[in-house]
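This is what each chain is made of:
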Amino acid sequence: MARVRAASGFNPWTASPAEDRVFGVRLTVIQGPDSGLRAEVGSRQFVIGRDPVCDLQLSDPDVSRRHAEIRNSGGGFEIADLGSRNGTLLNGHPVTDAFLRAGVEIRLGETVIATGMPAGSSESAGEETSLLDRPE
């Protein structure tokens, strides 16, 4: 898949030191109809969308059935738009394929997902989460 450079000099996929990349990903929906939903991405491909078979199923009508995929590229995790009708934004910039870093926000439709370190990492010590955790 071709990588598209965003305007204004933001380039989320440029080569960066390995320590800047995320090697496990905690996703937290911080805005949208599924606010509070959390999931952790491991070593396998992880699909986000409205389809019930998605690893992270969202109810936002502006999210495609299979909107985006997060995968381990060997040097960190990447997000790829799966040809969604509304696109995938990383920190407000449209991307087709980009490396993820902790603290990045992913926008799919009206849903905003924050990325962070996985449970058990030094930065998230003391927090517990399941693979998929819906708020009560």
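Scroll up to find the structure.
Residues numbered from 1 in each chain as written. Predicted model: local features only at pLDDT ≥ 70, side-chain atom pairs only at ≥ 80, totals over all residues. Heavy atoms only, no water.

A.B. asks: Any chance you could explain the overall build of the protein chain here in plain terms?
C.D. replies: Tallying secondary structure elements over the protein chain gives zero helices and 12 strands in all. In the protein chain, which comprises 136 residues, the share counted as buried stands at 44%. A separation threshold of at least 6 residues defines the contact pool for the protein chain, and within that pool the share at least 24 residues apart is 49%. Summed over all atoms, the accessible surface of the protein chain reaches about 6900 Å², with 49% contributed by carbon and sulfur. (Helix = DSSP H or I, 4+ residues; strand = E, 2+ residues; numbered from the N terminus. Buried < 20%, exposed > 50% of the residue type's maximum accessible area, 1.4 Å probe, protein only. Contact = heavy atoms within 4.5 Å. Areas by Shrake-Rupley, 256 points an atom, 1.4 Å probe, with all protein chains shown as cover.)

A.B. asks: Please explain unusual backbone geometry as it appears in this structure.
C.D. replies: If you check the backbone angles, asparagine 91 has positive phi at about 50° while not being a glycine. With respect to the helices, strands and loops of the structure, asparagine 91 is situated in the loop between strand 7 (88-90) and strand 8 (93-95).

A.B. asks: Whenever I open this one, the nonpolar core confuses me. Can you help?
C.D. replies: Across soluble globular proteins, nonpolar side chains show a tendency to be buried alongside one another. By size, the foremost hydrophobic cluster in this structure holds 23 residues, and its most contacted members are Leu27, Ile48, Leu56, Leu58, Ile70 and Ile113. Elements represented by at least two residues in this core include exactly strand 1 (25-31), strand 2 (38-41), strand 3 (46-49), strand 5 (68-72), strand 6 (77-81) and strand 10 (105-108). Examining the composition of this core, we find that three residues originate from one element, strand 1, more than from any other. (Core = buried A, V, L, I, M, F, W, Y, C linked by side-chain atoms within 4.5 Å.)

A.B. asks: Just checking my understanding: could you explain the sheet that holds strand 4 (residues 56-57) for this structure?
C.D. replies: Strand pairing in a sheet relies on backbone hydrogen bonds, with the paired strands running either antiparallel or parallel. Strand order in the open sheet made by the five strands is 4-3-5-6-9, with mixed pairing throughout. Bordering the open sheet on either side are strand 4 and strand 9 (97-99), each of which pairs with just one other strand. As paired elements, strand 3 and strand 4 share two bridges and run parallel to each other. Directly across from isoleucine 48, in strand 4, lies its bridge partner leucine 56. (Pairing = 2+ DSSP bridges.)

A.B. asks: Help me out: how do you make sense of the side chain of serine 84 in this one?
C.D. replies: Along the chain, the position of serine 84 falls in the loop between strand 6 and strand 7. Of note is the side chain of serine 84, whose polar atom sits 2.6 Å from the side chain of aspartate 81. One polar contact links the side chain of serine 84 to the main-chain amide nitrogen of glycine 87, over a distance of 3.0 Å. (Polar contact = N/O pair within 3.5 Å; in protein donor to acceptor, adjacent residues only side chain to side chain.)

A.B. asks: Explanation requested: the pairing of strand 11 (residues 111-116) in the structure shown.
C.D. replies: Here is the key point about a regular strand: its side chains alternate between the two faces of the sheet. For strand 11, the buried fraction is high: six of the six residues fall into the buried class. Residues of strand 11 alternate between two faces, with Thr111, Ile113 and Thr115 on one and Val112, Ala114 and Gly116 on the opposite face, all of them buried. The sheet contact formed by strand 1 and strand 11 spans five bridges and is antiparallel. Within strand 11, the position partnered with glutamine 31 by the bridge is valine 112. In the sheet, strand 10 pairs with strand 11 via four bridges, with the strands oriented antiparallel. Following the sheet pairing, arginine 107 is matched in strand 11 by valine 112.

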